[in-house]
Amino acid sequence: MFTDDCVRVNGEVVDKKYKVREGDNISLDPPIDIHAPVPAEDVKLNIIFEDEYILVLNKPAGTPMHPSKGFRHGTVAGGLLFRLYHKTGLVGDPNITEEAAGGTGLVNSYASAPSTGIVHRLDINTSGVCVTAKQFDAAVYLRKQFLGHTTKKVYLALCHGVPEQDHFSYQCNIYKPKGKGSAMACAPLGSEQGLPSDTDFELVERSPCGRYSLVRCFLHTGRTHQIRLHLSKLGLPLVGDRMYGNVHGKYIVERQQETGSKSRKRHSGKGKPEFFEVKRHMLHACRLQFVHPGKHELETFEASLPSEFEAALDAARKGLRLF
């Protein structure tokens, strides 16, 4: 199961060395054929903008972008296909042809490569704005922009700790080490291992208690887990990040010591800190800019913070311990 990346904790693939913590959500998923056609499903999509070329949405945390090991259903890719199929009355037909689908240029490409219409990706537990292609030519046009790093992507991150400077950056090569599940690792920038990554950061807000900060992140590259890994290396791990954060277990112990209980409920005893549990890592894609594949004009789209992010931010402002 571990070798097939079928064991997940809180939505993330883990290896057999992972130490289970109180509150972890563990799932076992059977291996799937990731090259099989994507199932078209009526997945709820929070649409920001749509035309004949693209669909821009505010992806909620917990929704995968496309099928992968352990995630077959409920994907953005499946929801996009459903919208295309629904317009032709051919929902879920495994034998659908390109001609029957109205010549979108997308159906057959999805069947042979599940992520073709997904021109960039957000982690399953990252929320926010993303763009998908409804036509094959639009997918190619957009994909070139993301590969060429000409798009502009801005994220908001709620972090443990407060940076010493208001503006800072981090660069390294990012690679996938063997036997570490889906976790990525850093190597020196310019080394032969991995690919270069570069992120600029801007401090937006310090919590009054001095334990948390809201940071704006500007990506200049788009490597897997880039922001999460960079912030962790800077000593500012994302709140709720079980993979790259090292504070979850610490706060579990603190809560048990100070409350005298293993209860997962928030404690509000007089003179003792309260605890606020988060269910996801606090990273949100708030702004995305790219050249529209049809109009060939620069477009900017924004996504507001989801309610669970707002709740965590409010808890941080009140001085609660986030874990």
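Novice: Is there a simple way to think about the side chain of N173 in this case?
Specialist: Mapped onto the fold, N173 is located in strand β8 (residues 167–175). N173 sits in the buried class, given a relative accessible area of 2%. A distance of 3.3 Å separates a polar side-chain atom of N173 from the backbone nitrogen of G190. Of note is the side chain of N173, whose polar atom sits 2.9 Å from the backbone oxygen of S191. Beyond its immediate stretch of four places on either side in the chain, N173 contacts A185, C186, A187, P188, L189, G190, S191, Q193, G194, L195 and P196.

Novice: It is not clear to me how the pattern of salt bridges should be interpreted in this structure. Could you clarify?
Specialist: Note that side chains of opposite charge can pair when their charged atoms are close. Using the criterion set out here, one finds 12 salt bridges in the structure. With a closest N to O distance of 3.8 Å, E277 and K279 form a salt bridge. The exposure class assigned to E277 is buried, which follows from its relative accessible area of 19%. Across the pair E302 and R287 runs a salt bridge whose closest N-O atoms are separated by 3.1 Å. You can see E302 sitting in strand β14 (residues 298–302) and its partner R287 sitting in strand β13 (residues 283–291), a full 15 residues away along the chain.

Novice: Is there a simple way to explain the packing of aromatic side chains in this structure?
Specialist: The description of two aromatic rings rests on the distance between their centres and on the angle between their planes. By the definition in use, this model includes 4 aromatic pairs. Centre to centre, the rings of F49 and F301 are 5.4 Å apart; their planes meet at 35°, and the pair counts as tilted. Taken together, the positions of F49 in strand β4 (residues 47–50) and F301 in strand β14 put the pair 252 residues apart, joining distant regions of the chain. The exposure class assigned to F301 is buried, which follows from its relative accessible area of 9%. Consider the rings of F290 and F301, whose centres lie 5.7 Å apart with planes at 25°: the pair is stacked. Here F290 is found in strand β13, whereas its partner F301 is found in strand β14, with 11 residues between them in sequence. In this structure F290 comes out as buried when scored by relative accessible area, which is 1%. An aromatic cluster of three or more residues is present, and its members are F49, F290 and F301.

Novice: Just to check I follow, could you spell out the environment of T150 for this structure?
Specialist: Along the polypeptide, T150 turns up in the loop between α3 (136–147) and β7 (152–160). Assessed through its relative accessible area of 55%, T150 is described here as exposed. Sequence-wise, T150 and F290 are 140 residues apart; in three dimensions their C-alpha atoms are separated by 7.5 Å.

Novice: What am I meant to see in the side chain of K134 here?
Specialist: As for its position among the elements, K134 is in the loop between β6 (127–133) and α3. Judged by its relative accessible area of 7%, K134 is buried. A distance of 2.8 Å separates the side chain of K134 from the side chain of E50, its partner in a polar contact. At a separation of 3.0 Å, a polar atom in the side chain of K134 contacts the main-chain carbonyl oxygen of D51.

Novice: For this particular structure, what's the right way to read α3?
Specialist: Two residues of an α-helix separated by three or four positions point the same way, owing to the 3.6 residues in each turn. Between its terminal C-alpha atoms α3 stretches 16 Å, which fits the 16 Å expected from 12 residues at 1.5 Å a residue. Residues of α3 that are buried: A138, A139, L142, Q145 and F146. One side of α3 carries all its buried residues, which in axial view fall inside an arc of 125°. The exposed set on the far side of α3, more than 90 degrees from its buried face, consists of D137, K144 and L147. Each element contacted by the buried residues of α3 is listed here: β5 (54–59), β6, β7 and β13.

Novice: Even after reading the chapter, I still don't get the pairing of β7, so can you show me in this structure?
Specialist: On a regular strand, each side chain points to the face opposite its neighbour's, so the side chains alternate between the two faces of the sheet. Of all 9 residues in β7, 8 are buried, a share of seventy percent or more. Examined bridge by bridge, β7 and β13 share 6 bridges and lie antiparallel to one another. Across the sheet, residue A157 finds its bridge partner in β13, namely L283. Direction of pairing for β7 relative to strand β11 (residues 212–219): antiparallel, over a ladder of 8 bridges. Each bridged residue has a counterpart across the sheet, and for L158 the counterpart in β11 is L214.

Novice: Teacher, can you tell me more about the confidence of the model for the chain here?
Specialist: For the chain, per-residue confidence averages 80 on the pLDDT scale, and residues scoring 70 or more make up 69% of the total. A low-confidence stretch, residues 88–105 (pLDDT under 50), is modelled with 28 contacts involving residues beyond four sequence positions or located in other chains. Confidence drops under pLDDT 50 across residues 107–115; counting only partners more than four residues distant or on other chains, this segment forms 25 contacts.

What counts, and at which threshold
Residues numbered from 1 in each chain as written. Predicted model: local features only at pLDDT ≥ 70, side-chain atom pairs only at ≥ 80, totals over all residues. Heavy atoms only, no water. Helix = DSSP H or I, 4+ residues; strand = E, 2+ residues; numbered from the N terminus. Buried < 20%, exposed > 50% of the residue type's maximum accessible area, 1.4 Å probe, protein only. Polar contact = N/O pair within 3.5 Å; in protein donor to acceptor, adjacent residues only side chain to side chain. Contact = heavy atoms within 4.5 Å. Salt bridge = Lys/Arg side-chain N within 4 Å of Asp/Glu carboxyl O. Phe/Tyr/Trp six-rings, centres within 6.5 Å; stacked < 30°, edge-to-face > 60°. Expected span 1.5 Å × (residues − 1). Arc of directions from axis to C-beta. Pairing = 2+ DSSP bridges. pLDDT = per-residue confidence, 0-100.

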